[in-house]
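Tertiary structure, described
Listed below, chain by chain, are the residues.
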Amino acid sequence: AQTVTQSQPEMSVQEAETVTLSCTYDTSENNYYLFWYKQPPSRQMILVIRQEAYKQQNATENRFSVNFQKAAKSFSLKISDSQLGDTAMYFCAFMKPLRGAQKLVFGQGTRLTINP
Amino acid sequence: GAGVSQSPRYKVAKRGQDVALRCDPISGHVSLFWYQQALGQGPEFLTYFQNEAQLDKSGLPSDRFFAERPEGSVSTLKIQRTQQEDSAVYLCASSLSGSGSYNEQFFGPGTRLTVL
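Below: a short report on this structure. (Residues numbered from 1 in each chain as written. Chains lettered and ligands numbered in written order. Predicted model: local features only at pLDDT ≥ 70, side-chain atom pairs only at ≥ 80, totals over all residues. Heavy atoms only, no water.)

Regarding the packing of aromatic side chains
Aromatic ring pairs are defined here through the distance separating the ring centres and the angle between the ring planes. The condition is simple: Paired rings are identified among Phe, Tyr and Trp, the last through its six-membered ring, by centres lying within 6.5 Å, and are further divided according to the angle between planes into stacked (under 30 degrees), edge-to-face (over 60) and tilted (the rest). For each residue, the accessible area found with a 1.4 Å probe, counting protein chains only, is set against the maximum for its type, and the residue is called buried under 20%, exposed over 50%, and partly exposed in between.
All told, the structure shown has 17 aromatic pairs over all chains when counted by the stated rule. Relative to Tyr35 of chain B, the ring of Phe33 of chain B lies with its centre 6.2 Å away and its plane at 25 degrees, an arrangement referred to as stacked. Taking the relative accessible area as the measure of exposure, Tyr35 of chain B reaches 0% and is therefore buried. A connected cluster of aromatic rings, assembled from ring pairs, spans Tyr33, Phe35, Tyr37, Phe91 and Phe106 of chain A together with Phe33, Tyr35, Phe45, Tyr48 and Phe107 of chain B.

Structure (structure tokens):
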């Protein structure tokens, strides 16, 4: 079974700073997807960024980028020029691409606070 | 277009009561997932539907939990004889297809269940 571990329960940075959230995972699969989801206090889970394991290039979405180290099974999220609206719970998640039940396996989450 | 909606948003039940939680997925989405999110934890998979067929219910914690999607659209998660350990946020997600390599899951706002 796959497991996802986020070792930072809480993080806090000043607005405009850069912050990196850590995630490690365990799997015997070679092909899979990794995600970072954001869950603001209103609780609607939003996809931030996606990485396919077969792609060596790290995914980037505007201020959000990942550092994907497949051999080390590490998948960190970097938020540049952080904004107050980035305050939320962030979850790292794993998915095995199956036909049908593409269930997500989530980590425990990191509570990120951006201070003015 | 409308996103995934869930009702009620909040539910308080006395121990032993039955509850029913509703999920309205995005119109046309084939796949529907239920997740359980305990306080301070990441979501955990409960069950998966492809249209009206429940293809995976491996995450349901006990036989008190039952889910259905009779017409392949709206889904209901029913919990019988609720216990305090059932207190959690129940998240519903839908995705466009059950086939192909990847389909993004769109989450609803969740139903917060508190069992007294």
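Still more to cover.
Things to note about the sheet that holds strand E1 (residues 5-7) of chain B
Each strand in a sheet pairs with another by means of backbone hydrogen bonds, the pair being arranged parallel or else antiparallel. All names here are of chain B. Counted only if it meets this: Pairing between strands requires that DSSP locate at least two bridges from one strand to the other. Only DSSP runs of H or I reaching four residues or more are called helices, and only runs of E reaching two or more are called strands; each is numbered from the N terminus. Helix axes are fitted only over the stretch in contact, all axes being lines through C-alpha atoms; the angle between N-to-C directions runs from 0 to 180 degrees.
Reading across the sheet, the four strands line up as E1-E3-E8-E7 and stay open at both edges, with antiparallel pairing between neighbours. Strands at the two margins of the open sheet, each flanked by one partner only, are E1 and strand E7 (65-68). Here the average twist between neighbouring strands, direction ignored, is 15 degrees.

Describing the interface of chain B and chain A
Definition in use: Any two residues whose heavy atoms approach within 4.5 Å at even a single point are treated as in contact. Any carboxyl oxygen of Asp or Glu within 4 Å of a side-chain nitrogen of Lys or Arg constitutes a salt bridge here. Any pair of nitrogen or oxygen atoms within 3.5 Å is treated as a polar contact; in protein, a donor-acceptor pairing is required on top of that, and neighbouring residues in sequence qualify only through side-chain atoms on both sides. Classification used: nonpolar for Ala, Val, Leu, Ile, Met, Phe, Trp, Tyr, Cys and Pro, charged for Asp, Glu, Lys and Arg, polar for all others including Gly.
Contacts between the two partners involve 28 residues from chain B, matched on the other side by 23 residues from chain A. In this structure, the connection of chain B to chain A is made through one salt bridge. The salt bridge partner of Lys103 of chain A is Asp56 of chain B, with a shortest N-O separation of 3.1 Å. Between the two partners, chain B and chain A, sit seven residue pairs in polar contact (both at pLDDT 80 or more). Looking at the side of chain B that touches chain A, the elements with two or more residues in it are strand E4 (31-37), strand E5 (44-50) and strand E9 (88-95) of chain B. Considering only residue class, the side of chain B that touches chain A consists of 11 nonpolar, 13 polar and four charged.

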